[in-house]
Amino acid sequence: MNTAGEDPEIKELGVHDCWKLLHSTSVCRIAFTDGDSVENFPMNFVTTNGTLLMRTGGATKLSSFDGKAVAVEADGMNQYGTIAWSVILKGHATVVSDAEETQDAMDAGLSPWQPGQKNTLIRVTPHDISGRRFVIAAPTHWWPPREPAAD
């Protein structure tokens, strides 16, 4: 249900704002199909040249989806915890093997979180990007008022 048109506290974001927000964070979730199931993994990433770059190990499910359609979601909020945002990027993932693209990833500061070999670079090239920014409702607005206890 899209309530952005009805609620002035929800704003649909343009492409430029989506990229600006993606550039401000380094954590996302990447989703893709694997046979009959859907996989969803947390990843760190960097933005570069209108794409996302990620690193993974050579024997992971992520390293085998060259050319697959993926969806990436990143979320965040302002420092006061009053305004949140969510960006969804849809595109295709490719394994990067070119030396120039590998250097691009190194220059962008992409480094793995976990120890071990993370020698497979994945580039997600978007075909669609969208986002929303919204005011976080106060906890008093989450639930209906409670009925007074009966005596």
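Here is what the cut-offs are and how they apply
- Residues numbered from 1 in each chain as written.
- Predicted model: local features only at pLDDT ≥ 70, side-chain atom pairs only at ≥ 80, totals over all residues.
- Heavy atoms only, no water.
- Buried < 20%, exposed > 50% of the residue type's maximum accessible area, 1.4 Å probe, protein only.
- Helix = DSSP H or I, 4+ residues; strand = E, 2+ residues; numbered from the N terminus.
- Arc of directions from axis to C-beta.
- Contact = heavy atoms within 4.5 Å.
- Polar contact = N/O pair within 3.5 Å; in protein donor to acceptor, adjacent residues only side chain to side chain.
- Pairing = 2+ DSSP bridges.

Participant: Please explain helix 1 (residues 15-23) as it appears in this structure.
Facilitator: Residues spaced three or four apart along an α-helix face the same direction, because each turn holds 3.6 residues. What helix 1 keeps buried is the set Cys 18, Trp 19, Leu 21 and Leu 22. What you see down the axis of helix 1 is that its buried residues fit within an arc of 160°, all on one side. Facing away from the buried side of helix 1 by over 90 degrees, the exposed positions are His 16, Lys 20 and His 23. Considering only its buried residues, helix 1 is in contact with strand 1 (10-13), strand 4 (46-48), strand 5 (51-56), strand 6 (69-77), strand 7 (83-96) and strand 8 (120-135).

Participant: Help me out: how do you make sense of helix 2 (residues 99-107) in this one?
Facilitator: Two to three positions downstream of the cap, the backbone nitrogen of Glu 100 sits 2.9 Å from a side-chain oxygen, assigning the N-cap of helix 2 to Asp 98. Where helix 2 ends, the next residue or the one after it, Gly 109, has phi of about 85°, a positive value.

Participant: Help me out: how do you make sense of the environment of Ser 111 in this one?
Facilitator: Tracing the sequence through the fold places Ser 111 in the loop between helix 2 and strand 8. By relative accessible area, Ser 111 is classed as partly exposed at 40%.

Participant: How should the pairing of strand 7 be read in this particular structure?
Facilitator: The side chains of a regular strand alternate, residue by residue, between the two faces of the sheet. In this structure, strand 6 lies alongside strand 7, joined through nine bridges in antiparallel fashion. The partner of Val 70 across the bridge, within strand 7, is Gly 91. Between the antiparallel neighbours strand 6 and strand 7 lie five residues, among them Gly 81 with a positive phi of about 70°. The pairing of strand 7 with strand 8 spans 14 bridges and is antiparallel. Bridging from a neighbouring strand, Ala 93 pairs with Val 124 of strand 8.

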